[in-house]
Amino acid sequence: GGLFNIDKKDVSFFQAAGLFNTVGGKVKGVQFAGVHNTVLDSVRGLQAAGVSNVVKGNMDGVQLAGVHNHVTDSVFGLQAAGVTNFVHKRVKGVQLAGVANIALKETEGAQIAGVLNYSHRMKGIQIGLINIADSSDGYSIGLINIIFKGYHSLSLSTNEFLPVNIAFKTGNTKLYSILIAGTSTKAEEKAYTFGYGMGSLQPLNKKKTLFFNPELTTQSIYLGSWDYLNLMS
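Residues numbered from 1 in each chain as written. Predicted model: local features only at pLDDT ≥ 70, side-chain atom pairs only at ≥ 80, totals over all residues. Heavy atoms only, no water.

Draft legend 1. Spotlight on the environment of Glu 106. Examined against the element boundaries, Glu 106 turns out to sit in strand E13 (residues 100-113). For Glu 106, a relative accessible area of 17% corresponds to the buried category. Distance in space between the C-alpha atoms of Glu 106 and Met 232 is 38 Å, their sequence separation being 126 residues. Among residues more than four places away in sequence, those in contact with Glu 106 are Lys 89, Arg 90, Val 91, Ser 119, Arg 121 and Lys 123. Among the polar contacts made by the side chain of Glu 106, one reaches the side chain of Arg 90 at a distance of 3.4 Å. (Helix = DSSP H or I, 4+ residues; strand = E, 2+ residues; numbered from the N terminus. Buried < 20%, exposed > 50% of the residue type's maximum accessible area, 1.4 Å probe, protein only. Contact = heavy atoms within 4.5 Å. Polar contact = N/O pair within 3.5 Å; in protein donor to acceptor, adjacent residues only side chain to side chain.)

Structure follows, in structure tokens:
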């Protein structure tokens, strides 16, 4: 269609429109739209739109949108959008978004976003500035990783350079992020640090009374001027 296509029932195997496509049943094959696709049942194949896609059932295959993808049921495959992906139930595959990925029930695979990833249960990997999950059996890599039923720790420490240090650790025991800050208490040697790190907490025995706890951190040290870069790793 030069402008749009409207089909009350199913579509196989190719549909393309300059503006939008609306299908009341299932789509099996390829669906292209310059602006928007709406499918009231499920899609199996490739769905692509310049702005947005909405699927009321399952999306099985590849879904691409310039701005937003919305699936009311589950996604099996690849979902990619310039801004956001939203799935009401389960994702089994990969979600890619410029800003945010949201899966309200479970993700088995990968969520990669420029800012935010959320999945109620995570089985795989999350990569983003902020990663949030209720529980996780995988890995979250980002500046802030929040696993509500995961690992949380507030640590106070001292060393020969900075007497006062505080670190907040969050994620799960496989991999957690560390936000760290410190200061010197000497008036004539003022120093402030802030930084980031990652760590892992691996049990060495079945009773989990002994742990191997490697951590890697990097801190920027402020000594009264931003003209020089001072790092402590």
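Draft legend 2. Region of the structure containing the side chain of Ser 220. Secondary-structure assignment places Ser 220 in strand E24 (residues 215-222). Non-local contacts of Ser 220, meaning those with residues more than four positions away in its chain, are made with Tyr 192, Thr 193, Phe 194, Asn 230 and Leu 231.

Draft legend 3. Representation of the sheet that holds strand E20 (residues 176-183). Judged by pairing direction, the sheet is antiparallel, and its 6 strands sit side by side in the order E18-E19-E20-E21-E24-E25 without closing on themselves. Of all strands in the sheet, those bounded by a partner on one side alone are strand E18 (151-157) and strand E25 (231-232). In the sheet, strand E19 (residues 164-171) pairs with E20 via 8 bridges, with the strands oriented antiparallel. Counterpart to Asn 165 in the pairing with E20 is Gly 182. (Pairing = 2+ DSSP bridges.)

Draft legend 4. The nonpolar core, seen in detail. Ranked by size, the top nonpolar core spans 12 residues in total: Val 11, Val 23, Val 27, Val 39, Val 43, Val 55, Met 59, Val 71, Val 75, Val 87, Val 91 and Ala 103. If we ignore the near neighbours within four places in the chain, the residues touching Val 91 are Val 75, Ala 103, Glu 106, Thr 107 and Glu 108. In this structure, Tyr 151, Ala 167, Tyr 176 and Ile 178 belong to the second largest nonpolar core, which totals 6 residues. (Core = buried A, V, L, I, M, F, W, Y, C linked by side-chain atoms within 4.5 Å.)

Draft legend 5. Local environment of the pairing of strand E5 (residues 36-39). As paired strands, strand E3 (residues 20-23) and E5 are joined by 4 bridges and run parallel to one another. Within E5, the position partnered with Asn 21 by the bridge is Asn 37. Judged from the 4 bridges that link them, E5 and strand E7 (residues 52-55) form a sheet pairing that is parallel. Within E7, the position partnered with Thr 38 by the bridge is Val 54.

Draft legend 6. Spatial organisation of the environment of Asn 21. When you line up the elements, Asn 21 lands in strand E3. Measuring from C-alpha to C-alpha, the distance between Asn 21 and Asn 37 comes to 4.8 Å, with 16 residues separating the pair along the chain. Other than its neighbours up to four places away in sequence, Asn 21 contacts Asn 5, Gln 15, Ala 16, Gln 31, Phe 32, Ala 33, His 36, Asn 37 and Thr 38. Of the polar contacts made by the side chain of Asn 21, one reaches the side chain of Asn 5; its length is 2.9 Å. Only 2.9 Å separates the side chain of Asn 21 from the side chain of Asn 37, close enough to count as a polar contact.

Draft legend 7. Representation of the packing of aromatic side chains within the structure. Per the counting criterion, the structure on display carries 5 aromatic pairs. Pairing Tyr 151 with Tyr 176 gives two aromatic rings, centres 4.9 Å apart and planes at 45 degrees, and the pair type is tilted. Of this pair, Tyr 151 sits in strand E18 while Tyr 176 sits in strand E20, placing them 25 residues apart in sequence. There is no split in this pair, since Tyr 151 and Tyr 176 are both buried. Among the aromatic residues, those joined into a cluster by ring pairs are Phe 194, Tyr 222 and Trp 226. The ring of Tyr 139 carries the charged tip of Lys 174 above its face, separated from the ring centre by 5.7 Å. (Phe/Tyr/Trp six-rings, centres within 6.5 Å; stacked < 30°, edge-to-face > 60°. Lys NZ or Arg CZ within 6 Å of the ring centre and 35° of its normal.)

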